[in-house]
Amino acid sequence: MAMTVKNSYLLPFIVFCVCAIQPAGARPMLWQQEGIVLSDFRSVCSGEWRAIDYESERFNGTMLYAPKGVKPEAVTVDPDLKGWHRVYVATFATGHDRAARLQLRLEGDGSPSLFRRGEIWDAWTPGEKGEEVFWKCADLTGKRVTVGKASAEGEIGLMWLRFEPMTADEIAAAKAEFADPSNRRLHAHCDMEWMHYRYGDRLTPDERCGVIDAFAQSDVGTASLEIWDHTLEANRDFYRECVRRAEQYGVRVYAAYRMSECRLVLPWLFEFPYANEHPEFHCRDRDGEAVTSVSYAFPEVGAHEVERVAGLLDLGFHGVSPILHRGVQLLWEKPLVDRFRAKYPDLDPRTLSLDDPRLAEVRCALVTENFMRPLRRRLDAFAAEHGRGRLHINPIVPCTIVDCRRQGLDVEGWVREGLVDSVVFGMMRIWEDEERFRDESKPGFLSVEKYAACKRSGENPVRRAHGNKLLETFAEEAARNVRLSRETGVRFYYDLHWEGTILPEKIAARAARLYGAGAEGLSLWDCFELRVSNRDEWFVTSRLGHKGELESMPKENEGYRKLFRILKIDGISISSYHPNWIG
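Owing to the predicted nature of the structure, the values given are computational and were not obtained by experimental measurement.

**Q** When you look at the packing of helix α16 (residues 471-488) against helix α17 (residues 504-517) in this model, what are you seeing that I'm missing?
**A** Packed helix pairs are characterised by how far apart their axes lie and by the angle those axes make with each other. Packing of α16 against α17 leaves a shortest axis separation of 7 Å and a crossing angle of 25°. With respect to α17, the axis of α16 lies roughly parallel. In the crossing of α16 with α17, the sense of the turn from one axis to the other is right-handed. Contacts between α16 and α17 pair Leu-471, Glu-472, Phe-474, Ala-475, Ala-478, Ala-479 and Val-482 from the former with Arg-510, Arg-513, Leu-514 and Ala-517 from the latter.

Set out below in structure tokens:
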């Protein structure tokens, strides 16, 4: 049973902390209106929680600390407050990997909110600084806060909860902040497989729905939930609940599959049975060597993938998001070679650049004919059979239309034909270093023999770029696609950033750069793992649909995240020389 502490137990400490012991050198202009602060959790500490005394440049107290390797039983704190408040959470974490996640649930919330340490850029040793982040605006009347830890990973502590009373005007503004549907310019992609892989049964269904509940107060209008076959059956009810909650918040949710079924190699040991059972459908490289991804050059593969995706529709999803920027869909398989030679009998497609328009035409036609058109027909038939409206197709594709054609994905054709309803351009690109295997005896052609030799040299002739380095590429692509989007009504989303965490100020600047280039939508990759639990980042990211407010967001940094020095921890002073500098 969770233990409870009410703020009446802490009131003498609160008054003393806020009014009497402001540390020397503190900045009065920032701390003079602190509100109500709960910073002594000793009375609620039990089980595997530890009570650790601390002093900081802001407040002193006793934190509720969960060490590495344990997941303590949740405890409950009763602020005993009435009315609306802005709620802030101060955490202490020491892990370099930032794996630990604190869970806080306000009574009445559908699921707990996750908090993990943000990047602390100017501290040598973990634990020199803590951080206070904005959590939410809420009516606290009669409501308690439950405190837990998401898993046994990492170590983290709750240092204080701080509550700022809100005026009537502030309450009205908070209620209206996400009410305008025209601001819903964000698409959120959630790697649910990673959640199952990392946490397994250690998270309850309510806890796993936290990423969906986070969209309630955000500019997210559509989301894709990435699903893998080997965890699907055990989680069907969970996905139904995700859709149900999303509908409450006005968010359309798509089922997402990685469409490059393949036979994986170490260190990934889970399998795609279809790819294992059908080597005859594997891709073939320029030199004829097998690549163990199945190829959409075969109609049988397209038909299988259509039914694989359609099998998710009975979970209530509003459409599908085929993930097409991870892996390959086809290379130089016999159906492709035969079709190309029927049209260009004097040419060998294996000697042409991936950017050759003749080769791209055939590759794109096969993927469209064998997969995209059948998928559109299958979704339309399902909708008609079950009395539903149009089910959307929202493919996630490489970073530009040119890069898509290089991989056999005719995005512009799909858009103009009405096969898709929106498109997400992901931070991924694949190309070949053709200079290394040009046929010097035949200008304009490539040498299959030299390509085979390059494959076995010290550097892969197939290149791959991904992540944040592609931002400027996206800006250029957004400018090129403005007319296509306006002519067709199809919205294009552009991944904002990918790997790891960046400063919130830079997030707003990137969004402004993309909007300025003509983008109408932004996409957020890995929302569960990388976005929502980084509260300072989520404060900015969740509001990026408010195009007119981007310039002011960086100036509000002190309002949604404050770093503060820790002066003493567990009775040991670290205010000058830190013992852990030995590490």
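**Q** Can you help me understand unusual backbone geometry in this one?
**A** The general pattern is negative phi for most residues beyond glycine and trans for most peptide bonds. Of note, Asp-80 is a non-glycine position whose phi angle comes to about 55°, a positive value. Mapped onto the secondary structure, Asp-80 falls in the loop between β5 (75-78) and β6 (84-93). A relative accessible area of 44% places Asp-80 in the partly exposed class. Non-glycine residue Asp-570 carries a positive phi angle of around 55°. The exposure class assigned to Asp-570 is partly exposed, which follows from its relative accessible area of 46%.

**Q** Mind showing me how you'd approach the nonpolar core here?
**A** Ranked by size, the top nonpolar core spans 117 residues in total, and within it Phe-215, Phe-317, Trp-414, Phe-425 and Leu-544 carry the most contacts. If you tally residues by element for this core, the top one is helix α12 (residues 357-385), at 10 residues. Ignoring sequence-local partners within four residues, the contact set of Trp-414 consists of Leu-324, Val-367, Thr-368, Met-372, Pro-395, Val-397, Leu-409, Leu-419 and Val-420. Counting residues in each nonpolar core, the second largest holds 27 residues, with Val-77, Val-87, Leu-102 and Val-147 among its members.

**Q** Sorry, what's going on with helix α8 (residues 236-248) here?
**A** Residue pairs spaced three or four apart in an α-helix point in one direction, given the helix's 3.6 residues per turn. Between its terminal C-alpha atoms α8 stretches 19 Å, which fits the 18 Å expected from 13 residues at 1.5 Å a residue. Arg-236, Phe-238, Tyr-239, Cys-242, Val-243, Arg-245 and Ala-246 are the residues of α8 that are buried. Positive phi shows up at Gly-250, right after α8, with a value of about 75°.

The rules behind these values
- Residues numbered from 1 in each chain as written.
- Predicted model: local features only at pLDDT ≥ 70, side-chain atom pairs only at ≥ 80, totals over all residues.
- Heavy atoms only, no water.
- Axes fitted to C-alpha atoms, helices over the stretch in contact; angles between N-to-C directions.
- Helix = DSSP H or I, 4+ residues; strand = E, 2+ residues; numbered from the N terminus.
- Parallel < 35°, antiparallel > 145°, perpendicular 65-115°, else oblique.
- Left-handed = near helix turned anticlockwise from the far one by under 90°.
- Contact = heavy atoms within 4.5 Å.
- Buried < 20%, exposed > 50% of the residue type's maximum accessible area, 1.4 Å probe, protein only.
- Core = buried A, V, L, I, M, F, W, Y, C linked by side-chain atoms within 4.5 Å.
- Expected span 1.5 Å × (residues − 1).

None of the figures reported here should be taken as evidence of function without further support.
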